[in-house]
Every structure is written in structure tokens, then in C-alpha cells.
Protein chains: 2
Amino acid sequence: MSDRPRRRIPEATVERLPEYLRILSELDDDLDHISSEQLADLAGVNAAKVRKDLSYLGSYGTRGVGYEVAYLVFQVRRELGLTHDWPVIIVGAGNLGQALANYAGFVDRGFPVAGIVDVDPAKIGSVIGGVRVRHVDELATLVRSRKVSIGVVATPPGAAQDAADLLVGAGVTSILNFAPTVLSVPRDVSVRKVDLAVELQILGFHEQRRSVPSLSIVLDADSSRTASA
Amino acid sequence: MSDRPRRRIPEATVERLPEYLRILSELDDDLDHISSEQLADLAGVNAAKVRKDLSYLGSYGTRGVGYEVAYLVFQVRRELGLTHDWPVIIVGAGNLGQALANYAGFVDRGFPVAGIVDVDPAKIGSVIGGVRVRHVDELATLVRSRKVSIGVVATPPGAAQDAADLLVGAGVTSILNFAPTVLSVPRDVSVRKVDLAVELQILGFHEQRRSVPSLSIVLDADSSRTASA
DNA sequence: CCGAGTTCGTGAATGTGTGCACAAGCGCGT
DNA sequence: ACGCGCTTGTGCACACATTCACGAACTCGG
Ligand SMILES: NC(=O)c1ccc[n+]([C@@H]2O[C@H](COP(=O)([O-])OP(=O)(O)OC[C@H]3O[C@@H](n4cnc5c(N)ncnc54)[C@H](O)[C@@H]3O)[C@@H](O)[C@H]2O)c1
Ligand SMILES: NC(=O)c1ccc[n+]([C@@H]2O[C@H](COP(=O)([O-])OP(=O)(O)OC[C@H]3O[C@@H](n4cnc5c(N)ncnc54)[C@H](O)[C@@H]3O)[C@@H](O)[C@H]2O)c1
């Protein structure tokens, strides 16, 4: 219990752990154990993958029985660093920034909105999701006083790099970028990008392939990203 | 020109093509050629990767010169199926659904919002981004009359499977899911999921690792998803 | 206490993605 | 016409991810 092997966890596994965690958290309270196969079904993946993923955290299952849900939740949360909350600051209080700030799902999963900033005087002072919109000049102060290490960029593309620079300058070390722009940041800052138009374009690609049945295989079901009944 | 090799394109490449396309589209008009290295820099990836990605589309570059931007844009658009628009229907006109409908970036990139539906009488009839919100009962009619093949699920998690079933029943074959739920759909329907809380949790994981310097390597810069200066 | 049935943990095989390194091809200047 | 410098396209080696298959370890009933 006290020792932590702290082995390296593959990135692909890290990307699935939050999904397992969500599913486990939503399970009925009277279900105290779950098998890799049950969890796999709920997550839409292969059972062997679930076992391998969980094995990176340690040997927390019991053969012939499965995994104890409460304990597994605890272990996954610990591994993901969710033993404490990670306050988040949102830059840009437009359509998307407001939707994000209003979204209860963030605080529920350990990411309270510690601040929202904008440059538009019309937006500053308004309250969204219980948080008052501040001027972007106050960003650094907010980040430092609230010990924020994660920033969300929800500005127009032209302002995204500026926003990122501000965040990095204030000490933020992780950025979630919604603007369709490639951000330049120091190597020790993590950036993840969510581009909704890209998602649609990927769907469009497969959609198009579907309608022009290739000479070889008629339907190459893309098992990678698609969940099936 | 008339022949189309129609080779299989790796999924990883498909996921990068939209980004290349966006960058190419935003280039100065007076730049008529671009090298793989320049494009790689702009996209924050390796030049060899750009060349390999583009080589799946065909040999559209010229050695010693680079790629002709206009022609490359055309080819990438063709490959992604963007020779025509893909109308999209949004289910759920809440915070997120409204932000999406208001977002000009979709229609700009070939995905006009053909309809928005909801169950809430208070929302039905209002106009968002130039589109009137309809009752969810009209979904099938809308999908058929506007030839929609892509649906966006922006309902609360509890209603997401219902929304997906409705979409599939109406003939939609690609779904972009924003609800934190695993959707069950027939095997021939593509689903992509965007879970913003998952993105934050992944950042949180790396954030935590950062603060507990592992015994082995102090900072394992995650090159996979992070763009760096 | 034993055997049947269950489920985990993981080695090994296979599949997919990345990046180096270099030959082949092109343009340009002389 | 030719050589030189530049850039593409790709073979190859390596890294990473997925899946299978099976031994190990557990439960339970008799
Ligand atoms: N709305 C969507 O559904 C959607 C979908 C995909 C991507 N996006 C992207 O998300 C970003 C935000 O989209 P949106 O629809 O909310 O745009 P928006 O125009 O509604 O909001 C942008 C906000 O950023 C503020 N801003 C501008 N410059 C700033 C700066 N330097 N510092 C701080 N704030 C600044 C503006 O005042 C505005 O309030 C854009 O990059 C957009 O491309 C939005
Ligand atoms: N708002 C965000 O920033 C955000 C971020 C991440 C994920 N999400 C997810 O996106 C989804 C939507 O979030 P939101 O903030 O817009 O929620 P919301 O509650 O503001 O909006 C949901 C809308 O869906 C409608 N709806 C409910 N049942 C429906 C049905 N059966 N058919 C059609 N419409 C129905 C509701 O009337 C409401 O208008 C949720 O699943 C949420 O978890 C939202």
C-alpha cells in the first residue's frame, strides 16, 4: 500500500482510464465487484485491454472474482491524480467559454472553474456558472492566488497564442486548446487540442468512403474509434 | 487524374489531414508552394510524417520544389470528401448545442447546421445561429428531407442513447457524441466521442506526474500529443 | 479437501505508427 | 548540357498498441 511502483503508464491507457473511472463511479452501489469483461462491455472495448490497462496500476483484481469496485475507483483516481481538485481557468467568455463555465460536469469530476477572463468590457463583471468574468489582466493574479495549473483557451483563433503565452507566463503548465490553432509552448508545458471541426471532417471521410464501395473490401468497419452494439 | 488508386489511408493520417488542410487554407495567397518541412513546422509535427501522410493521397509533390498549395488543398479536400457540404443535425439545444449552432467555423469548413432539435418546449421555436429549434419528433423528417448523414448528440447523458437511436433510425450513419456515455449503435454507424472532462483528466495525470519526479527520468516530455515551440 | 468453474495477469504474436536516412527526381545557373 | 542543391517518396528499423491464449489463483459445492 505504501510503496508505489510508479511504472510508466502507456499514453493509450491514460486516455482510457478516465472512461473506466466514469463508468465505475456510475455503477449501482450494490454491485461491489466487477469483472474485466463486464467493464469492457460497458466501455465498448476488449476485455484483455481492460485487464492490461488496469495491470499497469498494480494487481488490484482477484482471480475468479473480479475487481472490487470501490477499491478500483480509489486506485484509478489516485493514479490520475484526482486525490485533490485541479482548479481550471478559462480564457475567453464567448459561446464556448460560457458553455464550459456553466457545465457542472467539470466540478463533478474534480475540475472546478477557478476563474474566467475576457477582454470584452461587455462581458467583464457578468457571472457565469457562479463565477464572475474578470479582465484578462487579472489572469496572472488569479492563477497564482488560486494555484491554478490548468488553463483552457476558448478565444478566437487569432488570440489563442496570446492567451497561451499569458497562461504560461503566469505559471500554468497544462493547456486545453479549443481554438483551431497550433500553439507554441515551452517543452515542459502539456497541450491538448480539441477541434470539433476536425472531428466532423474525420466522420465525413468515413462517410464518403462508405458511399464509394472500394473495389477490394466493401465495408472496412473502423473498429478503432467506433463503439458497436 | 481520372484514376483513383483508393488505397487504404491509416487512421492516424486521417486524423491529421484536417489539420494540414486548415493550415494550407490559411496560408498567404502569394505562397504558391510549400515544403514538407514548412508544413510540418506549422502543424507541429515531423516532416517525414507529413510526407508519408501526403504520399497516401498520391505523388502530388515535386522534388526540389515542394507541394503546390492550391493543388494540395484540392487533393486533401477530395480525399476527405469535402467536395460537397455535409449537413449536420444537432440534438439538444442546451449550453453546448447552442454554442455549436452559433459557431461559424462549422459551415466554413463544410458542415452547415441543417437542423437543431430539442424536447424542451421553452427552447423550441427559438432561433440559434440562423436555425430554428424544432421538436425532436421532427428529427426523422429533417434528416430525410435535408439528406443529413451526420448527427451531433448534445443532450444530457441520460438522453444520449435515445438521441442516438433516433438518429440511427432516421438514417444517420455518423455520430459525434458530446455526452459522457458509451453509445450502442449498429456496426455500420461511426461514432466519435468528445469528452471534455476526459481531456482535463489526462492533463491532470501528467500534471501530477510532473510534481512527483519519478526516480528514473525527471521529465518524460510527452511528445505524442504536445506541441512545442 | 478436492475438483469444477471462473477470472486475473501477462508472455508472445500480430498490427499500427513513427522517424531516420537516402536514392531518385526536379529546377536553376552556368 | 551538366552539375549542384534542394526536396520528395519510401524502405527499414524501431516503438507502441492490441489481442490472443493460457497458467495461476481464487470461490464454491460437495
Ligand atoms: N462555439 C463553438 O461551438 C466552437 C466550436 C469549435 C471551436 N470553437 C473555437 O473556440 C473558440 C471560441 O469560440 P466561441 O464561439 O466561444 O467564440 P466567441 O467569439 O463567442 O468568444 C470568444 C471570446 O474570447 C474573447 N477574447 C478575444 N480575445 C481575447 C483575448 N486576447 N483574451 C481573452 N479573451 C479574448 C472575446 O471577447 C469573446 O468573448 C474559437 O477559437 C472557436 O474557433 C468554438
Ligand atoms: N456545456 C458544456 O460545456 C459541456 C462540456 C462537456 C460535456 N458536455 C455534455 O454535453 C451535453 C450537453 O450539455 P449542455 O451543457 O448543453 O446541457 P444542457 O442541459 O444545457 O442542454 C441539454 C439539452 O438537451 C435537451 N434534451 C434533453 N433530453 C433530450 C432528448 N431526449 N432529445 C432532445 N433534446 C433533449 C434539453 O432540453 C436541453 O436543452 C451533456 O451530456 C454534457 O454532459 C457539456
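Quick look at the structure, then. (Residues numbered from 1 in each chain as written. Chains lettered and ligands numbered in written order. Predicted model: local features only at pLDDT ≥ 70, side-chain atom pairs only at ≥ 80, totals over all residues. Heavy atoms only, no water.)

Let's talk about the environment of Ala154 of chain A
Residues and elements named next belong to chain A. Put simply, the test is: A run of H or I in DSSP becomes a helix once it reaches four residues, and a run of E becomes a strand once it reaches two; helices and strands are each numbered from the N terminus. Residue contacts are counted whenever heavy atoms from the two residues lie within 4.5 Å of one another.
Within the fold, Ala154 resides in the loop between strand S8 (150-153) and helix H8 (157-170). It is 8.8 Å that separates the C-alpha atoms of Ala154 and Asn95, two residues lying 59 residues apart in sequence. Non-local contacts of Ala154, meaning those with residues more than four positions away in its chain, are made with Val91, Gly92 and Gly97.

Describing the site of ligand 2
Going by this rule: Nearness here has a simple test: a residue counts as near a molecule or strand if at least one of its heavy atoms is within 4 Å of that partner. Here a polar contact is taken to be a pair of N or O atoms separated by no more than 3.5 Å, where protein atoms must pair a possible hydrogen donor with a possible acceptor and residues adjacent in sequence count only if both atoms sit in side chains. Accessible surface is estimated by sampling points in the Shrake-Rupley manner with a 1.4 Å probe; for residues, cover comes only from the protein chains shown. Only protein atoms enter the 1 Å grid used here, on which a cavity is any set of points holding a 1.4 Å probe that cannot leave and a pocket is any open set flanked by protein within 12 Å on both sides along at least five of seven lines; residues with an atom within 4 Å of a point are listed as lining. Any molecule with more than half of its atoms within 2 Å of a cavity's or pocket's grid points is regarded as sitting in that cavity or pocket. Here the term charged refers only to Asp, Glu, Lys and Arg, the term nonpolar to Ala, Val, Leu, Ile, Met, Phe, Trp, Tyr, Cys and Pro, and the term polar to all other amino acids, Gly among them.
Among the 23 residues in the neighbourhood of ligand 2, the closest are listed as Tyr103 of chain A together with Leu96, Asp118, Lys123 and Thr155 of chain B. A distance of 3.0 Å separates an oxygen atom of ligand 2 from a polar atom in the backbone of Ala99 of chain A. Here an oxygen atom of ligand 2 and a backbone polar atom of Leu100 of chain A are 3.4 Å apart. Here ligand 2, which alone exposes 820 Å², has 85% of that area covered by the protein. In a pocket analysis with a 2 Å cut-off to the grid points, ligand 2 is assigned to the second largest pocket. In terms of residue class, the shell around ligand 2 is built from 16 nonpolar, four polar and three charged.

Comments concerning the interface of chain A and chain B
Basically, it comes down to this: Joining two parts hides part of their accessible area as seen by a 1.4 Å probe, and the buried area is that hidden amount summed over both. Every case where a carboxyl oxygen of Asp or Glu lies within 4 Å of a side-chain nitrogen of Lys or Arg is listed as a salt bridge.
Taken together, the contact between chain A and chain B spans 81 residues of the former and 81 residues of the latter. Together chain A and chain B conceal approximately 7400 Å² of surface at their shared face, both sides included; 59% is due to carbon and sulfur atoms. Run the count over chain A and chain B and you get eight salt bridges. With a shortest N-O distance of 2.7 Å, Arg209 of chain A and Glu79 of chain B are connected by a salt bridge. At the boundary of chain A and chain B, one finds 26 residue pairs in polar contact (both at pLDDT 80 or more). Only helix H1 (11-25), helix H2 (36-43), helix H4 (69-79), helix H5 (95-102), S8, strand S9 (174-177), strand S10 (190-193) and helix H9 (196-211) of chain A provide two or more residues apiece to the side of chain A that touches chain B. Considering every element that reaches the side of chain A that touches chain B, the biggest residue donor is H9 of chain A, with 15 residues. Among the residues making up the side of chain A that touches chain B, the classes are represented as 41 nonpolar, 18 polar and 22 charged.

A word on the sheet that holds strand S9 (residues 174-177) of chain B
Stated precisely, the cut-off is as follows: Here, a strand pair is defined by DSSP locating no fewer than two bridges between the strands. Every axis corresponds to a line fitted to the C-alpha atoms, with the helix fit spanning only the stretch in contact, and the corresponding angles, defined between N-to-C directions, vary from 0 to 180 degrees.
Taken in spatial order, the seven strands make up an open sheet running S6-S7-S5-S4-S8-S9-S10 (chain B), and their pairing is mixed. Each edge of the open sheet is held by one strand with a lone partner, namely strand S6 (127-128) and strand S10 (190-193) of chain B. Against the sheet, H9 of chain A makes contact with strand S4 (88-91), strand S8 (150-153), S9 and S10 of chain B, and its axis sits at roughly 160° relative to S9 of chain B, the strand it touches most.

As for the protein's contact with DNA strand C
Near DNA strand C you find 27 residues, and of these Ser36, Arg51 and Tyr67 of chain A together with Lys52 and Arg63 of chain B are the closest. Among the atoms of DNA strand C lying within 4 Å of the protein, the sugar-phosphate backbone contributes 62%. Between DNA strand C and the protein, one listed contact pairs a phosphate oxygen with a side-chain N or O atom of Ser36 of chain A at 2.5 Å. Interatomic distance of 2.7 Å between a side-chain N/O atom of Tyr67 of chain A and a phosphate oxygen of DNA strand C.

Focus: the pattern of salt bridges
All names here are of chain A. Taken as a whole and assessed by the stated rule, the structure comprises 23 salt bridges over all chains. Here Glu15 makes a salt bridge to Arg192, at a shortest N to O gap of 3.6 Å. Placement of the pair is Glu15 in helix H1 and Arg192 in strand S10, with a sequence separation of 177 residues.

Looking at the protein's contact with DNA strand D
Near DNA strand D, the surroundings consist of 27 residues, among which Arg16 of chain A together with Ser36, Arg51, Gly64 and Tyr67 of chain B are the closest. A breakdown of the atoms of DNA strand D within 4 Å of the protein gives sugar and phosphate a share of 62%. Within the side chain of Arg51 of chain B, an N or O atom sits 2.8 Å from a base nitrogen of DNA strand D. Contacts to DNA strand D include Gly64 of chain B, whose backbone N or O atom sits 2.9 Å from a sugar or linking oxygen. If you list the elements that add at least two residues to the surface near DNA strand D, you get H1 and helix H3 (47-55) of chain A together with helix H3 (47-55), strand S2 (61-62) and strand S3 (66-68) of chain B. Top contributing element to the surface near DNA strand D by residue count: H3 of chain A, with four residues. Here the residues of the surface near DNA strand D sort into seven nonpolar, 11 polar and nine charged.

Topic: the packing of H2 of chain A against H3 of chain A
The packing of two helices is summarised by the inter-axis angle and the distance between the axes. All names here are of chain A. The condition that has to hold: With respect to orientation, any angle under 35 degrees is reported as roughly parallel, any angle over 145 as roughly antiparallel, any angle of 65 to 115 as roughly perpendicular, and every other angle as oblique.
H3 packs onto H2 with a crossing angle of 110° between their chain directions and a minimal axis gap of 8 Å. By the angle class used here, H2 and H3 are roughly perpendicular. For the pair formed by H2 and H3, the contact residues are Ser36, Glu37, Leu39 and Ala40 on the first element and Ala47, Val50, Arg51 and Leu54 on the second. For the contact of H2 with H3, a count of residues per class yields five nonpolar, one polar and two charged.

Comments concerning the packing of H1 of chain A against H3 of chain A
Residue and element names in this part refer to chain A. Between H1 and H3, whose axes approach to 10 Å, the crossing angle comes to 100°. Classified by the interaxial angle, the pair formed by H1 and H3 is roughly perpendicular. Touching Thr13, Arg16, Leu17 and Tyr20 of H1 are Lys49, Val50, Asp53 and Leu54, all from H3. Of the residues assigned to the contact of H1 with H3, the class counts are four nonpolar, one polar and three charged.

Some remarks on the layout of surface pockets
The condition is simple: Grid points are joined across faces, edges and corners, and a volume is the space filled by probe spheres set on the points.
Space inside the second largest pocket adds up to approximately 830 Å³. Mapped onto the lining of the second largest pocket, the elements with two or more residues apiece are H1, H5 and helix H6 (104-108) of chain A together with helix H5 (95-102), strand S5 (113-118), helix H8 (157-170) and helix H9 (196-211) of chain B. Considering each element in turn, the lining of the second largest pocket owes the most residues, five residues, to H8 of chain B. Of the residues belonging to the lining of the second largest pocket, the class tally is 24 nonpolar, nine polar and 10 charged.

Overview of the sheet that holds strand S5 (residues 113-118) of chain A
Sheets are built from strands that pair by backbone hydrogen bonding, the pairs being arranged parallel or antiparallel. Residues and elements named next belong to chain A. Ordered by their spatial adjacency, seven strands build an open sheet running S6-S7-S5-S4-S8-S9-S10, and the pairing between neighbours is mixed. In the strand order of this sheet, the two ends are held by strand S6 (127-128) and S10, each with one partner. Of the strand pairs in this sheet, S5 and strand S7 (residues 131-135) are connected by three bridges, and their pairing is parallel. From the neighbouring strand, Asp118 faces S7, where its bridge partner is His135.

So far we have only geometry, and geometry alone does not tell us how the molecule works.
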